[in-house]
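Letter by letter, the chains look like this.
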Amino acid sequence: MILEGTPCPRKDVGLEGGVRSEGMLDRLEIVEGDITRLQVDAIVNAANTSLLGGGGVDGAIHRAAGPGLLEECQKLGGCPTGEARITGGYRLPSRWVIHTVGPIWRGGDHGEDDLLGNCYRNSLALAEQQGIKTIAFPAISTGAYGFPTDRAARIAVRVVKRFLEHSTTLERVMLVAFGKAAYETYQEAVEEIAGYSCPPRNKEGSG
Ligand code: AR6
């Protein structure tokens, strides 16, 4: 296992109102750990509009990918908030990196929710265009950009859920929680929005 924690969901209790999105339920997973170690087709970077690197997950991705990533990013000419761009993954285990720019939290009435939703939607659309089957997202905007984590988790789950209801090419979408609290926040969001229970973190067999 590369990551700690138990993928979620395992338990399919269906969606409320009798509408079952058969495939969606086992294509959305919550995992805890370092996104740079994930063996997926693409990892998403929570970048800034320059696309020239920074701290947080952006810094970790650039460090793990090596200088080739920055060289390619320099040719992209930046990226507006809410949009997404794709590059290679260089020394990362993932073949691609999708860079998206989350909104800076300014109290919630400056379009932050829509912009954050756009990040997930545009990244997933780009992945689909590229034929990517497995993709992992960090909790965009919830670090340096100050977006409240529970609100961001609900937006992430809602957008991914809707997208998967229409996508036939994406096989697995992972929401990566960096730490226990973030994992629990995602658990709650999945239970509330997708209508199923996640297993407790680090259940049986992990101590
Ligand atoms: N794996 C998974 N998640 C991580 C990792 C990791 N290795 N490292 C941090 N996180 P942030 P933002 C989580 O600040 O808020 C950068 O300087 C972290 O706990 O990385 O979108 C950019 O260049 C948090 O939940 O991104 C921008 O200037 C989440 O990733 C700015 O920060 C996002 O935190 C973007 O801020």
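So, how was this worked out
- Residues numbered from 1 in each chain as written.
- Predicted model: local features only at pLDDT ≥ 70, side-chain atom pairs only at ≥ 80, totals over all residues.
- Heavy atoms only, no water.
- Helix = DSSP H or I, 4+ residues; strand = E, 2+ residues; numbered from the N terminus.
- Buried < 20%, exposed > 50% of the residue type's maximum accessible area, 1.4 Å probe, protein only.
- Phe/Tyr/Trp six-rings, centres within 6.5 Å; stacked < 30°, edge-to-face > 60°.

Engineer: Just to check I follow, could you spell out unusual backbone geometry for this structure?
Structural biologist: As a rule of thumb, non-glycine residues mostly have phi less than zero, and peptide bonds are mostly trans rather than cis. Located in the positive-phi region is leucine 51, a residue other than glycine, with phi close to 60 degrees. In this structure, leucine 51 sits in the loop between β2 (42–47) and α2 (56–65). Assessed through its relative accessible area of 2%, leucine 51 is described here as buried. Although it is not a glycine, tyrosine 90 adopts a positive phi angle of roughly 50 degrees. Relative to the helices and strands, tyrosine 90 is located in the loop between β3 (84–88) and β4 (96–101).

Engineer: Looking at this structure, I do not really get the packing of aromatic side chains. What am I missing?
Structural biologist: For any pair of aromatic rings, the description consists of the separation of the ring centres together with the inter-plane angle of the planes. Across all of its chains, the model carries 2 aromatic pairs by this definition. Their ring planes at 65 degrees and their centres at 4.8 Å tell us that tryptophan 105 and phenylalanine 147 sit as a pair that is edge-to-face. Of this pair, tryptophan 105 sits in the loop between β4 and α4 (112–129) while phenylalanine 147 sits in the loop between β5 (134–137) and α5 (149–166), and the two are 42 residues apart along the sequence. Take tryptophan 105: its relative accessible area is 23%, and that puts it in the partly exposed class. On the basis of an interplanar angle of 35 degrees and a centroid distance of 4.8 Å, the ring pair of tyrosine 120 and phenylalanine 137 is categorised as tilted. Of this pair, tyrosine 120 sits in helix α4 while phenylalanine 137 sits in strand β5; the two residues are 17 residues apart in sequence, bridging distant segments of the chain. As far as burial versus exposure is concerned, tyrosine 120 and phenylalanine 137 are alike and both buried.

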